[in-house]
Structures are given as C-alpha cells and as structure tokens.
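Observations on the three-dimensional arrangement
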Amino acid sequence: MSDTLKMTFESRSVNEGFARAAVAAFAARLDPNLEELSDIKTAVSEAVTNCIVHAYPDEVGLIHITVVTDAAAGVIRVSVRDSGVGIPDIAQARTAMFTTGGAERSGMGFTVMESFMDDVRVRSRPGKGTTVTLTRRITPRMGGR
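Per chain, residue numbering runs from 1 following the sequence as it is written. With pLDDT at 70 or above as the cut-off, local features in this predicted model cover only qualifying residues; side-chain atom pairs require 80 or more to be listed or tallied, and sums for whole chains, interfaces and linings still use all residues. In computing side-chain properties, one takes all heavy atoms of the structure into account and sets aside hydrogens as well as water.

1. Quick look at the sheet that holds strand 4 (residues 119–125)
Taking strand neighbours across the sheet as the criterion, the five strands line up as 1-2-3-5-4 in an open arrangement whose pairing is antiparallel. Bordering the open sheet on either side are strand 1 (2–10) and strand 4, each of which pairs with just one other strand. In this sheet, adjacent strand axes meet at a mean angle of 10° when their direction is disregarded. Direction of pairing for strand 2 (residues 62–70) relative to strand 3 (residues 75–82): antiparallel, over a ladder of eight bridges. Within strand 3, the residue paired with Ile63 across the bridge is Asp82. We call two residues contacting when some pair of their heavy atoms lies within 4.5 Å. Orientation is described by lines fitted to C-alpha atoms, with helices fitted over the stretch in contact, and by angles between N-to-C directions that extend from 0 to 180 degrees. Put simply, DSSP marks the helices as runs of H or I at least four residues long and the strands as runs of E at least two long, and each gets a number from the N terminus on. Sitting on the sheet, helix 1 (residues 14–27) is in contact with strand 1, strand 2 and strand 3, with an inclination near 170° to strand 1. When DSSP finds two or more bridges between a pair of strands, those strands are recorded as paired.

2. Topic: the packing of helix 1 against helix 2 (residues 34–55)
Two numbers describe how helix 1 lies on helix 2: the axes approach to 9 Å, and their chain directions differ by 145°. For the element pair helix 1 and helix 2, the recorded crossing hand is right-handed. Contacts from Glu16, Ala19, Arg20, Val23, Ala24 and Ala27 in helix 1 reach Leu37, Ile40, Lys41, Thr42, Val44, Ser45, Val48, Thr49 and Ile52 in helix 2. Throughout, the ten residues Ala, Val, Leu, Ile, Met, Phe, Trp, Tyr, Cys and Pro are labelled nonpolar, Asp, Glu, Lys and Arg are labelled charged, and all others, Gly among them, are labelled polar. Tallied by class, the residues present in the contact of helix 1 with helix 2 amount to nine nonpolar, three polar and three charged. Throughout, a crossing is termed right-handed when the near helix is turned clockwise from the far one, and left-handed when it is turned anticlockwise from it by less than a right angle.

3. Points about the nonpolar core
In this description, a nonpolar core means a group of buried Ala, Val, Leu, Ile, Met, Phe, Trp, Tyr and Cys residues linked to one another through side-chain atoms lying within 4.5 Å. The buried label applies to any residue whose accessible area, calculated with a 1.4 Å probe on protein chains only, is under 20% of its type's maximum; exposed applies above 50%, and partly exposed to all values in between. Of all hydrophobic cores here, the largest spans 34 residues; its most connected members are Val48, Ile63, Ile65, Val78 and Leu134. Residue assignment for this core shows that the elements contributing at least two residues are strand 1, helix 1, helix 2, strand 2, strand 3, helix 4 (109–116), strand 4 and strand 5 (129–137). At nine residues, helix 2 tops the list of elements feeding residues into this core. Not counting the four nearest positions on each side in its chain, Val48 is found in contact with Phe9, Glu16, Ala19, Ile63, Ile65 and Val80.

4. Some details on the side chain of Thr69
Looking at the secondary structure, you find Thr69 in strand 2. You can call Thr69 buried: its relative accessible area is 1%. When residues no more than four places from it in sequence are discounted, the contact partners of Thr69 are Met1, Ser2, Asp3, Phe26, Ala27, Arg29, Leu30, Val75 and Ile76.

5. Digging into the packing of aromatic side chains
Only rings of Phe, Tyr and Trp enter the pairing, Trp through its six-membered ring, and a pair is recorded when the two centres are within 6.5 Å. The plane angle decides the type: under 30 degrees is stacked, over 60 is edge-to-face, the rest tilted. Inspection of every chain in the model, using the stated rule, returns one aromatic pair. Arranged with centres 5.8 Å apart and planes meeting at 85°, the rings of Phe9 and Phe18 form a pair that is edge-to-face. Using a relative accessible area of 7% as the deciding quantity, one classes Phe9 as buried. Positioned above the aromatic ring of Phe26, the side-chain terminus of Arg29 is 4.2 Å from the ring centre. Only Lys NZ and Arg CZ are tested; either one counts as a charge over a ring when it is within 6 Å of the ring centre and within 35 degrees of the ring normal.

Have a look at this one:
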C-alpha cells in the first residue's frame, strides 16, 4: 500500500526546516531507523535549499514536494519541484564543488543528496524549473512493518 503527501510552500529559508520535518514525519510510517531518517531529512534539506538559493535567486517562488511511501516495498520517494531558472547543464551542476550561488556556497548539494539516498534523479529545463527525485529503501525491522 502506498500513501502520498503533497505540499507547496514559498521559497523562504524558514521553510527548509518545515519541509524537512514534514517529510520526516511522513516517512516515519515506514519505521525507518534513526540513520535512515536522518539521511532522508538531510537530502530533503539540500534539495529545498537548492530551490531557495538557485531556482529563485532574485525572487520568492513556490516549491512543491510530493512524498510517496510504499510500505510493501519499503521505499520512500520524495520529489522536490520548482518553477525557477532551471539548470542549463545538469552534469556540471552535479559535479562536487560546482555552484552558482556565490563564494559562500559549498557546491556540495547534489553530492550530499547522492551520498544519503539510493537514487537521485534530476530533470530541468532552463527557464521552466527543476525536479529532483530522491528515492530511499528503508531496511525492514525484525518482526516486519
């Protein structure tokens, strides 16, 4: 059985923590261990921060998150979508240390997402926006779900 959560919020830095907490609360239905939950929260934080910093650099826009949990498969899939500036070169953007956010940004967002999730997919069209889809399998606990 799968369940879906959809939410939309403004690309303000204060909403990064909200997104992280909401996704974590929804993910809890799969009974993840603390490490899995922390990994999901970190990846979501990075994806949302990318929207705030890069997708809407000069304006406040909307961020859309869809979370699907599949209890039978033990999988969570989180899609973070914006309608911002888009990414002209996805391969370059996924390179460690590359950033368009200025000297104060580390350029490690996609690298962090990839290290904490089983699969990270990025679709983007310049001027139309970006969708990052994060997938993570949750280890079954003794006794099942």
